[in-house]
Amino acid sequence: MTWLADTATSYDTVASSYAEFVADVLAEQPYMRAALALFAAEVDGPAVDVGCGPGHFTAHLASLGVDAAGIDLSPGMVDLARRTHPQLRFEVGSMTDLPLPAASVAGVLAFWSLIHVPDESVPAALGHFHRVLRPGGLLVIGYHVGVGTRLKTEGYGGHPMRVHVHLRQPWWLARRVRQAGFTVEAEWALDPEKPVSQAILFARRG
């Protein structure tokens, strides 16, 4: 799939600059920290951070006592995550074909990684999340709220990129999460006054 190759290459290119860009995100986002704290409190077993980037969320989960590992499409991001957090496990992989056994994790975190997956491939990704989660396992998705798709051709230090950023309405994502076999338990709106806001969805595997 072209979008997979474009996304991997783009994030290989911007890996170091992106890591600098997100270095302080948790310090500046109390509600995001609260969501991760809730995830850590509710997950009883290993968890995977899908689309982990440089591993900042994975490391934060580990600091909260979670047996957390990361998976990312970009080999450059995974290499950076391994060097930055050598005590944690990071692997290259796609959320549309997760390299994990069935029912092997108690939690899946997908923070602002599903945003690059086209609409028609979202069910496949959610299906893999459902497959790798144990019964009762928790799925938490962070995403951009809005309508439409934009092509990002430059970012993070001015480096060239070619990734599509998909904005989604809460009802749209919640419907597909339910269709994948989850029960939606909570939805948080972040920065609702901004033109492009963010949201976090919490769902449980049946």
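In case you missed it, the structure is sitting above this.
We now turn to the structure provided with this report. Being a predicted model, the structure only gives us computed values, none of them experimental.

## Digging into helix α1 (residues 2–21)
- In α1, a bend of some 70° at Ala15 exceeds every other bend along the element.
- Restricting attention to buried positions, one finds in α1 the residues Trp3, Leu4, Thr7, Ala8, Ser10, Tyr11, Val14, Ala15, Ser17 and Tyr18.

## A closer look at the pattern of salt bridges
- Inspection of the entire model under this criterion finds 7 salt bridges.
- With a shortest N-O distance of 3.4 Å, Arg162 and Asp6 are connected by a salt bridge. Highlighted residues: Arg162 in strand β7 (residues 159–167) and Asp6 in helix α1, separated in sequence by 156 residues.
- Classification of Arg162 by relative accessible area gives partly exposed; the value is 45%.
- Arg204 is the partner of Glu185 in a salt bridge, and the nearest nitrogen-oxygen pair spans 3.3 Å. Of this pair, Glu185 sits in strand β8 (residues 182–190) while Arg204 sits in strand β9 (residues 197–205), and the two are 19 residues apart along the sequence.
- Classification of Glu185 by relative accessible area gives partly exposed; the value is 46%.
- Using a relative accessible area of 18% as the deciding quantity, one classes Arg204 as buried.
- Three or more residues are tied together by salt bridges with common partners; here these are Glu42, Glu185 and Arg204.

## Digging into unusual backbone geometry
- Although it is not a glycine, Ala103 adopts a positive phi angle of roughly 55°.
- Locating Ala103 in the fold gives a position in the loop between β3 (89–92) and β4 (105–111).
- Among the residues examined, Ala103 registers a relative accessible area of 38% and is labelled partly exposed.
- Backbone geometry places Trp112, a non-glycine residue, at a positive phi of 55°.
- By the element assignment, Trp112 lies in the loop between β4 and α6 (122–132).
- Residue Trp112 is classed as buried on the basis of its relative accessible area, which comes to 14%.

## Quick word on the sheet that holds β4
- Pairing within the open sheet is mixed, and its 7 strands lie in the order β3-β2-β1-β4-β5-β9-β8. Each end of this open sheet is capped by a strand with a single partner; those strands are β3 and β8. The mean inter-strand angle of the sheet, taken between neighbouring strand axes irrespective of direction, is 15°.
- Against the sheet, helix α4 (residues 56–63) makes contact with β1 (47–50), β2 (68–72), β3 and β4, and its axis sits at roughly 170° relative to β2, the strand it touches most.
- Most of the contacts of α6 go to strand β5 (residues 133–145), to which it runs at about 150°, and overall it touches β1, β4, β5, β8 and β9.

## Brief notes about the packing of helix α3 (residues 30–42) against α4
- The contact between α3 and α4 brings their axes to 10 Å, and the two run at 55°. As the angle between them shows, α3 and α4 are arranged oblique. By crossing handedness, the relation of α3 to α4 is classed as right-handed. Contacts between α3 and α4 involve Met32, Leu36 and Phe39 from the first element and Phe57, His60 and Leu61 from the second.
- Of the residues belonging to the contact of α3 with α4, the class tally is 5 nonpolar, 1 polar and no charged.

Conventions we followed
Residues numbered from 1 in each chain as written. Predicted model: local features only at pLDDT ≥ 70, side-chain atom pairs only at ≥ 80, totals over all residues. Heavy atoms only, no water. Bend = angle between axes of the 7 residues up to and from the residue. Helix = DSSP H or I, 4+ residues; strand = E, 2+ residues; numbered from the N terminus. Buried < 20%, exposed > 50% of the residue type's maximum accessible area, 1.4 Å probe, protein only. Salt bridge = Lys/Arg side-chain N within 4 Å of Asp/Glu carboxyl O. Pairing = 2+ DSSP bridges. Axes fitted to C-alpha atoms, helices over the stretch in contact; angles between N-to-C directions. Contact = heavy atoms within 4.5 Å. Parallel < 35°, antiparallel > 145°, perpendicular 65-115°, else oblique. Left-handed = near helix turned anticlockwise from the far one by under 90°. Nonpolar A, V, L, I, M, F, W, Y, C, P; charged D, E, K, R; others polar.

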